Every structure is written in C-alpha cells, then in structure tokens.
Amino acid sequence: MIDALLGEPHDSSMAQVHSLGREALPSGVDDHELLVGVSQARGRGVMWFTDEKGSFSSVGESGRENEIVYLLVGYPYGFPGNAEVPLDVIRQSLKEFVLSGGVRPSVIKWVPHEFR
C-alpha cells in the first residue's frame, strides 16, 4: 500500500484505513480510523489515528515550523511540522495496525490532534 501511495500524485498522498478486526458501531460506522500519508520527495510520512480514546497524530524527532499538508482524494489535512516520520516507521506502523486488529501502533510516538 505504501509503495502504491508513493506512486500517486500529491493530491492523493493519503489513504484511509480501517481494520476488519474491529466491530463497527451500532450505526454501522467504524469505531476507528487510521490515515496514512506519504511524501516521496521527503522520504517521510504521517499518521493520524482516532477511536473512542481520542484523535492522535504521529510525532517525528524533528520537524518544520510550518504546517504540513497531505491530501486524501484532494481534501487537505494539515499536520504539525513535526508530524513526519521516516517511511520505514510508517511501513512498520501500518503492519502493526493490521496485525493487531486495528490497535493504535506503538511504534510511533503520538500526540493529541484534532483536525479543524
């Protein structure tokens, strides 16, 4: 999936992921969501996770001061400048998410983050 995203244009630099290992809410809506964004130019990516415990974005070791924007089918999602992590961490985190049945990956450091 990450390789496929890296080949997409910037307006499709994110994917929305849900685990089939988690029960949906009574309304039929998933009780969680994982957004994965990648930048081929920077060799880095971002993650955002939400469930009943809150919404969180990834945190990298260092970062830019300005907001970083990734696009999901053309819709912009802004992340703090320090949200990007190396692509190998993105890959490892996505595998952990899938293999754990949709648990927030422990490989990444997370901070609370609500989109406006």
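Look above for the structure.
Quantities reported herein were computed from a predicted structural model and do not represent experimental measurements.

Rules used throughout
- Residue positions are given per chain, counting from 1 as you read along its sequence in written order.
- Owing to the predicted nature of the model, reporting of local features is limited to residues with pLDDT of at least 70; listing and counting of side-chain atom pairs is limited to 80 or more, with chain, interface and lining totals taken over all residues.
- For side-chain calculations, the full set of non-hydrogen atoms in the structure is used, while hydrogens and water are omitted.
- Here a helix means four or more residues in a row that DSSP labels H or I, a strand means two or more in a row labelled E, and each is numbered from the N terminus.
- The classification of residues rests on relative accessible area computed with a 1.4 Å probe and restricted to protein chains. Under 20% of the type maximum is buried, over 50% is exposed, and intermediate values are partly exposed.
- We get accessible surface area from the Shrake-Rupley algorithm with a probe of 1.4 Å; when it comes to residues, only the shown protein chains can shield them.
- Lys and Arg are tallied as positive, Asp and Glu as negative. Neither His nor the chain termini are counted.
- Every charge is mapped to an atom, namely NZ of Lys, CZ of Arg, CG of Asp or CD of Glu.
- To define a nonpolar core, start from buried Ala, Val, Leu, Ile, Met, Phe, Trp, Tyr and Cys residues and group those joined through side-chain atoms within 4.5 Å.
- What makes two residues a contact is simply this: any of their non-hydrogen atoms within 4.5 Å.
- The term salt bridge refers to a side-chain nitrogen of Lys or Arg lying within 4 Å of a carboxyl oxygen of Asp or Glu.
- Strand pairing is defined by DSSP finding a minimum of two bridges between the two strands.

*Asks:* Help me understand the overall build of the protein chain in this model?
*Replies:* The helix and strand inventory of the protein chain stands at two helices and eight strands. Dimensions along the principal axes, computed over C-alpha positions, put the protein chain at roughly 40 × 25 × 25 Å. Taken over 116 residues, the protein chain has a buried fraction of 47%. By element, 52% of the accessible surface of the protein chain is carried by carbon and sulfur atoms, the whole surface being about 6700 Å². Distance between charge centroids for the protein chain: 6 Å, based on 10 positive and 16 negative side chains.

*Asks:* Explanation requested: the nonpolar core in the structure shown.
*Replies:* As a rule of thumb, soluble globular proteins bury nonpolar side chains together. Counting residues in each nonpolar core, the largest one holds 19 residues, and the members touching the most others are Leu34, Val36 and Met47. Elements with a minimum of two residues in this core: helix H1 (2-6), strand S1 (14-17), strand S2 (33-39), strand S3 (44-51) and helix H2 (87-99). Here the element with the most residues in this core is H2; it accounts for five residues. Discounting chain neighbours no more than four positions away, the residues touching Met47 are Leu34, Leu35, Val36, Phe56, Ser57, Ser58, Phe79, Ile90, Ser93, Leu94, Ile108 and Trp110. Formed by ten residues, the second largest nonpolar core is a distinct cluster that contains Trp48, Tyr70, Leu72 and Ala83.

*Asks:* What am I meant to see in the pattern of salt bridges here?
*Replies:* Pairing between side chains of opposite charge can happen when their charged atoms approach one another. Per the counting criterion, the structure on display carries five salt bridges. For the salt bridge of Asp3 with Arg91, the shortest nitrogen-to-oxygen distance reads 2.9 Å. Remark: Arg91 occurs in helix H2 and Asp3 occurs in helix H1; sequence separation between them is 88 residues. Taking relative accessible area as the criterion, Asp3 reaches 54% and is therefore assigned exposed.

*Asks:* Would you mind showing me how to read the pairing of strand S5 (residues 68-72) here?
*Replies:* For a regular strand, side-chain orientation follows a simple rule: the groups alternate between the two sheet faces. The buried fraction of S5 is high, at four of five residues. Taken together, the five bridges between S5 and strand S6 (residues 75-79) define a ladder with antiparallel strand orientation. Within S6, the position partnered with Tyr70 by the bridge is Tyr77. Between S5 and the antiparallel strand that follows it, S6, lie two residues; Val73 among them carries a positive phi value of about 50 degrees.

Note that all results are geometric; they support no functional claim without further evidence.
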